[in-house]
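Observations on chain architecture
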Amino acid sequence: MITLKQDADGYIRMNKHFPQTVAIAIAFTDGSVEQFSGSQLNEFYDAAQAEFRAENHLDAKGFSRRPAKTVQSKSSIDYVPVQPGMGTPSA
């Protein structure tokens, strides 16, 4: 079991996918703890990555299609926004 802690801004550090079947507990800042599977957190990561890339005008692989700059900015994320209740399916 992996345990992650939510930071004060509402994020967990996650810069890559976890194995699909690993159990991951997230300790939220409000004191609650929820358990997720690796595949659930990977979905949250993919959604945050897609949002980041859309906001920064990057393609699906994270490449900029703008004219080249002398300094390339980072094209991926290190933090994923989380909140209590994310793991429960909505009705």
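What you see is a predicted model; the values in this text were computed from it and never measured. (Residues numbered from 1 in each chain as written. Predicted model: local features only at pLDDT ≥ 70, side-chain atom pairs only at ≥ 80, totals over all residues. Heavy atoms only, no water.)

**Details of the confidence of the model for the protein**
- Scored by pLDDT, the protein has a mean of 85; 87% of the residues are at 70 or more.
- When mean pLDDT is compared element by element in the protein, strand β3 (residues 23-27) scores highest at 95, while strand β5 (residues 79-81) scores lowest at 85. (pLDDT = per-residue confidence, 0-100. Helix = DSSP H or I, 4+ residues; strand = E, 2+ residues; numbered from the N terminus.)

**Section: the sheet that holds β3**
- The strand order across the open sheet formed by 3 strands is β1-β3-β4, and the pairing between neighbours is mixed. Of all the strands in the sheet, just β1 (2-5) and β4 (33-37) have a single pairing partner and so form its edges. Each neighbouring strand pair of the sheet contributes to a mean axis angle of 25 degrees, computed without reference to strand direction.
- Relative to β4, β3 runs antiparallel, the two being bridged by 5 bridges. Considered in β4, the bridge of I26 is made with E34.
- Its contacts with the sheet put helix α1 (residues 38-55) on β1, β3 and β4, and the angle it makes with β4 is roughly 90 degrees. (Pairing = 2+ DSSP bridges. Axes fitted to C-alpha atoms, helices over the stretch in contact; angles between N-to-C directions. Contact = heavy atoms within 4.5 Å.)

**Here we look at the packing of aromatic side chains**
- Counting across every chain of the model gives 1 aromatic pair.
- Here F36 and F44 contribute two aromatic rings whose centre-to-centre distance is 5.9 Å and whose plane-to-plane angle is 80 degrees, an arrangement assigned as edge-to-face. (Phe/Tyr/Trp six-rings, centres within 6.5 Å; stacked < 30°, edge-to-face > 60°.)

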